[in-house]
Amino acid sequence: MKTLEETLRTWEAVIGLEIHAELTSLQTKMFCGCKLEFGAPPNTHTCPVCLGMPGALPVPNRAAIESIVLAGLATNCEIEKHSMFYRKNYMYPDMAKNFQTTQGPIAFCMRGHLDLAVDGAAAKERVDLGDCAVGEQCGNVTRTEDGYVAHVGITRIHMEEDAGKMVHFGGDEGRIAGATHSLVDYNRAGTPLIELVTEPDLRTPAEARLFMQKLRQIYLALGISDCSMEEGSLRCDGNVSLRRRGETKFGTKTELKNMNSFKNLHDGLAYEICRQAEVLEEGGIIYQETRHWDPTMKCTIVMRVKETADDYRLFPEPDLAPYDLTDEFIEGVRAKLPELPDEKELRFQRDYGLTPYDARHLVEHRETADFFERSMECAGDDAAAFAKPLANRVNNDLLAYLNNHAEVTLDALPITPQRLVDLERLLADGSISTKQGKEVFAALLEKDCDPAVIVEERGMKQVSDSGEIEAVVDEVLAANPDKVEQYLGGKTGLLGFFVGQCMKATHGQGNPQLINEVIVRKLSERA
Amino acid sequence: MTQYVNEQDVRAIAEYTRIGLTDEEVAQMTIDLNSIIEGLKPITEYDLEGVEPTFHPIGSLSNVMRDDVVTEGFTQEVALENAPHKQDGCFLIPSILGEGGDR
Amino acid sequence: MAVERDLWRLSAAELQRGLLAKEFSAKEITESALGRIAQADPEIHAFLELTEKAAYKQAARIDEALSQGTARECGPLFGVPIAFKDNMNLEGTHTTCASRMLENYVSPYTATCVARAIGAGGIPLGKLNMDEFAFGSSTETSAFGKTLNPWDRERVPGGSSGGSAAAVASGMACVALGSDTGGSIRQPGAFCGAIGVKPTYGVVSRYGVVAFGSSLDQVGPFARTVHDAACTLNAIAGRDPLDCTSQESTVDFTANLAEGVRGMKVGIVPAFMEAKGLSPEVRHKVEEAAANLAAMGAEIVEVALPNAQAAMSAYYVLGPCEAFSNLARFDSVRYGYCDPGHKDLGSQYEASRTIGFGSEARRRIMLGSYLLSSGVYNTYYYPAQQVRTLITRDYNEAFGKVSCILAPVAPRTAFKFGEIADPAEMYLTDMFTISINIAGNGGMSMPVGPGEETHLPIGVQLIAPAFHDELMLRAAAALETVYGPAPIAPDFDGLNDNAKAGE
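Residues numbered from 1 in each chain as written. Chains lettered and ligands numbered in written order. Predicted model: local features only at pLDDT ≥ 70, side-chain atom pairs only at ≥ 80, totals over all residues.

1. Quick look at the overall build of chain A
Each helix and strand counted, chain A has 17 helices and 18 strands in total. With the C-alpha coordinates of chain A rotated into their principal frame, the extents come out at 95 × 55 × 50 Å. For chain A, the proportion of its 527 residues judged to be buried stands at 44%. Sequence-distant contacts, at least 24 apart, represent 70% of the contacts inside chain A between residues at least 6 apart. (Helix = DSSP H or I, 4+ residues; strand = E, 2+ residues; numbered from the N terminus. Buried ≥ 20, exposed ≤ 12 C-beta atoms within 10 Å, placed from the backbone. Contact = placed C-beta atoms within 7 Å.)

2. Concerning the overall build of chain C
Broken down by element type, chain C carries 16 helices and 11 strands. A globule of 503 residues ought to have a C-alpha radius of gyration of about 23 Å, and chain C, at 21 Å, matches this closely. For chain C, the proportion of its 503 residues judged to be buried stands at 67%. Put simply, 75% of the contacts in chain C that link residues at least 6 apart link residues at least 24 apart. (Rg over C-alpha atoms; globule rule 2.2 N^0.38 Å.)

3. Focus: the confidence of the model for chain C
Residues and elements named next belong to chain C. Per-residue confidence for chain C averages 95 on the pLDDT scale, and 97% of its residues sit at or above 70. Every residue in residues 494–503 is under pLDDT 50, and counting partners more than four places away or in other chains gives 18 contacts. Both confidence scores are given for the complex: pTM 0.90, ipTM 0.95. (pLDDT = per-residue confidence, 0-100.)

4. Points about the nonpolar core
In summary, soluble globular proteins display a tendency toward joint burial of nonpolar side chains. Formed by 292 residues in total, the largest nonpolar core has its most connected members in Ile82(C), Ile195(C), Val317(C), Cys404(C), Leu462(C), Ala475(C) and Ala476(C). The dominant element in this core, judged by the number of residues it contributes, is helix α10 (residues 311–326) of chain C, at 10 residues. When sequence neighbours within four positions are dropped, the list of residues in contact with Leu462(C) reads Cys404(C), Leu406(C), Gly443(C), Met444(C), Met446(C), Met472(C), Ala475(C) and Ala476(C). Of all hydrophobic cores here, the second largest spans 30 residues; its members include Phe372(A), Phe386(A), Val421(A) and Val455(A). (Core = buried A, V, L, I, M, F, W, Y, C linked by C-beta atoms within 7 Å.)

5. Regarding the interface of chain A and chain B
Facing 40 residues of chain A, the contacting portion of chain B comprises 33 residues. Mapped by element, the contributors of at least two residues to the side of chain A that touches chain B are α2 (62–74), β11 (181–185) and β18 (323–324) of chain A. The element that contributes the greatest number of residues to the side of chain A that touches chain B is β11(A), accounting for 5 residues. Taken together, the residues of the side of chain A that touches chain B sort by class into 24 nonpolar, 11 polar and 5 charged. Bridge count for β11(A) against strand β2 (residues 90–94) of chain B is 4 bridges, and the pairing is antiparallel. (Nonpolar A, V, L, I, M, F, W, Y, C, P; charged D, E, K, R; others polar. Pairing = 2+ DSSP bridges.)

6. Brief notes about the domain arrangement of chain A
By domain assignment, chain A separates into domain 1 (4–332), domain 2 (341–457) and domain 3 (466–526). The C-alpha centroid of domain 3 of chain A is placed 62 Å from the C-alpha centroid of domain 1 of chain A. (Domains from an automatic or database assignment.)

7. Remarks on the interface of chain C and chain B
Listed by partner, the interface residues are 55 residues for chain C and 46 residues for chain B. Taken together, the elements giving at least two residues each to the side of chain C that touches chain B come down to α10, α11 (345–356), α12 (359–372) and α13 (381–401) of chain C. Residues that form the side of chain C that touches chain B fall into these classes: 30 nonpolar, 17 polar and 8 charged.

8. Some points on the packing of helix α1 (residues 7–17) of chain B against helix α2 (residues 23–39) of chain B
Residues and elements named next belong to chain B. It is at 9 Å that the axes of α1 and α2 come closest, and there the two elements cross at 100°. Taken together, the axes of α1 and α2 are roughly perpendicular relative to one another. From α1, Glu 7, Val 10 and Arg 11 reach across to α2, where they touch Val 26, Ala 27, Met 29, Thr 30 and Leu 33. Along the lines of polarity and charge, the residues of the contact of α1 with α2 split into 5 nonpolar, 1 polar and 2 charged. (Axes fitted to C-alpha atoms, helices over the stretch in contact; angles between N-to-C directions. Parallel < 35°, antiparallel > 145°, perpendicular 65-115°, else oblique.)

9. Some details on the sheet that holds strand β1 (residues 47–50) of chain C
Residue and element names in this part refer to chain C. The 11 strands lie next to each other as β1-β3-β2-β4-β6-β5-β10-β11-β9-β7-β8, forming an open sheet whose pairing is mixed. Strand pairing shows two members of the sheet lacking a second neighbour, β1 and β8 (299–302), which therefore form its edges. Looking at each pair of strands side by side, their axes are set apart by 30° on average, direction ignored. Two elements, strand β5 (residues 195–198) and strand β10 (residues 443–450), share 3 bridges in a ladder whose sense is antiparallel. Bridge pairing in β10 places Gly 196 opposite Ser 445. Most of the contacts of helix α16 (residues 469–483) go to β10, to which it runs at about 10°, and overall it touches β5, β7 (265–268), β9 (404–408), β10 and β11 (457–463).

10. A word on helix α7 (residues 226–236) of chain C
Residue and element names in this part refer to chain C. Within α7, 11 of the 11 residues are buried, which leaves the element mostly enclosed by the surrounding structure. Among the residues of α7, those classed as buried are Val 226, His 227, Asp 228, Ala 229, Ala 230, Cys 231, Thr 232, Leu 233, Asn 234, Ala 235 and Ile 236. For α7, the secondary structure elements touched by its buried residues are α1 (12–20), α4 (112–119), β4 (175–180), β5, β6 (218–223) and α16. Gly 238 sits one or two residues past α7 and shows a positive phi near 120°.

11. Comments concerning the pairing of β6(C)
All names here are of chain C. Within β6, 6 of the 6 residues are buried, which leaves the element mostly enclosed by the surrounding structure. In the sheet, β4 pairs with β6 via 5 bridges, with the strands oriented antiparallel. If you follow Asp 180 over to β6, its bridge partner there is Gln 218. Here 2 bridges tie β5 to β6, and the two strands are oriented antiparallel to one another. Within the sheet, the bridge partner assigned to Ile 195 lies in β6 and is Ala 223.

12. A closer look at the packing of helix α4 (residues 205–222) of chain A against helix α5 (residues 262–281) of chain A
Residue and element names in this part refer to chain A. At a minimum axis distance of 8 Å, the contact between α4 and α5 shows a crossing angle of 155°. With respect to each other, α4 and α5 are oriented roughly antiparallel. The interaxial crossing formed by α4 with α5 has right-handed handedness. Residue-level contacts link Pro 205, Ala 206, Ala 208, Arg 209, Met 212 and Gln 213 of α4 to Phe 262, Leu 265, His 266, Leu 269 and Ala 270 of α5. When grouped by side-chain class, the residues that make up the contact of α4 with α5 number 8 nonpolar, 2 polar and 1 charged. (Left-handed = near helix turned anticlockwise from the far one by under 90°.)

13. Observations concerning the environment of Pro280(C)
Within the secondary structure layout, Pro280(C) lies in helix α9 (residues 280–295). The spacing of Pro280(C) and Gly263(C) is 17 residues in sequence and 29 Å in space, taken between C-alpha atoms.

See below:
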């Protein structure tokens, strides 16, 4: 199989996403007062409504409707005042009523969009922008200095309910195929779910991943879902088709499931694009089918062939009154909108003078963005000078640590914004070296104390006394006359050697910048 | 009489609604359904141009919602009380896909 | 205290007067009611389950309240024996919907209407027979045997609430609850000579009542006096937070019963009176009732319901569509009939639903599934909802001119078992009742004595504007002054032949 890059030179991938988010921040289910709780003993959060007992009737959760309107406002959707719930009829054992209560042709949120800034490696997947000049709009993207911005349409966000959970036995690794029996737990049944459907505006797996990441940031900022891809509170299906570059007609699409991490989303789509290209290049045809991404085998497997379109016998739910949202309701929700990642990014650039790149990566994670902001407050008069180093520290070191320790949350760590600022001060006034700074930072993640204490304890106070440094430099130069000769003869690369020797002599505590200066000065005096 | 559904359609509907019918029953059901659907003809002959549908006979009632407050539900025991088959606090069902299932 | 009278013969109002006067106790009322059931039900077969324990428990509560002088505070039904159609959940009882599917289902919760009736002091006697899942007009489709018409054992009690009507008409229950999707309270009321009220959609909560046609179903009372019906309605009406389609009801339905009809404009629909299939004796009774209302000062006005004839086909689209979806939950997983021995779910589903559902249920499920399928939806379902708009408009227009409409309930009196075999002909028995379910307003059946030809009970229908159900009850109360309360059917063995229909 060709690589993704090769494939995308010949083929244009057309990708649309369907993203489900459970509204885990709510107390209760969509249509009944049962508690929302992940991991409770099976069937302990059920009632006549979510068990689909005969005679039970649904009553919608107001907070869920507010949440979806919030999601719609945050994704530039138009809020439809008039909408209804519908019944989507199909029999499946995880669906207690054997119909899903969902929305019809008109959802609460319609016609939205998100703009994705794509840069770095992610931008390289887009091989068709060679002729697109910076600032120019080419299709749905606008070229930027370090990549491009993609305008991705959102068809709709609708409100629905989740199904129960099933565990399968007797087959391989709990798979449904080959299972002899299954157990059904309806605790999750009726969990409020919002489904966002994008336009087929995405062209690369990287864009798809970025869209998903950005949407997750937004939902987290709104506080409507914990967006855990692992626990399934944020789920994504992808629709993929290919067409030859220059072609305008869409190809046959496949639907891809089980992409339960950003990496799986990217890799699953990338594989499927390459697979389809191979089939097409060999003269084969793509069947409209549902495929399952297997991250261990690194391939997609057919789950179900759709011979005909599913007929769900959709009709308006007679048990639920229609919606006629008032301006008052919508404006009330709008007033609850928090600052969104895009706004925060602009504010970070404007108020702290950060580069767009730094600002964007800071706001990617709400926790770290907040941490950065609180650090900036602690920095006081030094804020302007500290913005860049603090941003780097958070974006690089702190984030790397959090990424490597998925089980740890930032607020559980002993490091505080004040301590981070104190660390930067020690660096700024030359008390410790950059290398020592890294060591202190690492210690701050584990030990509940101020950076000064660590510096003291470890005796890592940087030697910045110029008299002391000069003595060390003289010593080193005197001990290496041959090297001095060579240096003076033009082998200036030896400077590093002298610095290293001096650092060794100061047990790593010499201020490397100062040592550097002294060596250069002393050697030039000899020249 | 117009044939609205043939036996093949009836078999497909039976499969979708999960109702098992013998060949004889399929034949009879086909006759019954065609006769009933024929009786619905008036609805197709009405001039309904521009008439809005009324899905809910409840006047102007709208936006009926409840607060996000937990109410007491069933214990596990009560939830499973009527279950034909249960195991480990769950409803027990036989193989979903069966042999050669495609879902 | 020795009781000479048959307490089961008394109306709710009489029972409550007697209780307050300490002439008898709630326990004695209960004994009498259960005794009457033991006597009459083996023949009539209206009950599917008795709740004797709950009945005596409630009686003890009422008697305790009586001794404390707080009986009235129990609610409008204190001390009144009441029974429930078997599609209403009552925790701890079987709620079978007269279907094999739910033969062993035990309700884990209670329907709001049932809870309110018991909460209002009603003494729960048990659960009543019906057409399977309310699909029918004769109670013949019950999986647990037919109910006989108390006035003629060879005839059907009507349906689908046939058990409710028969229980009240035979004196086994003072009042009963039924549900009406296309006439299922009014038609059996007419066939059995009982008052049957289908209030405006939304007046009574549907929570806990097993759904047939969710946009059509409405719960209402059966009784032998208008006051008792109104009193029962008072107990069960009003907004329920568990039913989004229920609405506030602040009316006291008993308040204006005695006001009479002087000056009230009562509509007559000429197209109904001239309808093909309307028997002369029923027509005559409607005209007689109109004349009686006029004699009491009402003004009889002709009104038109030009789209009413479309109601039939709209109903046979909407009913099956909603039923198909409502009955999908019966899948052998969480409750209900589960055919044993299946290795895969598909065959368990099919066998359980095939054996669990009767033929009419299967037919409606399949019809509904067809009518909702893509490409077909726009031909039937959507136009049916447009027709609903037209019919609602018709009623609104008519009620701009009149306060209430008088019409037949059923085109004829009760038919014999097996007499109507063709489903299409059976459907016609609902021709005068269906349009009211489509539009959602209230309608009731008021017994006006036996027909001159068949000598069987005949009911006239009174139809009210939406959320003005008190108007039809008022007109009914006026008719009651002429025809008297609904009589208890004479016992079959001739022991109690002192009561004759309408005499």
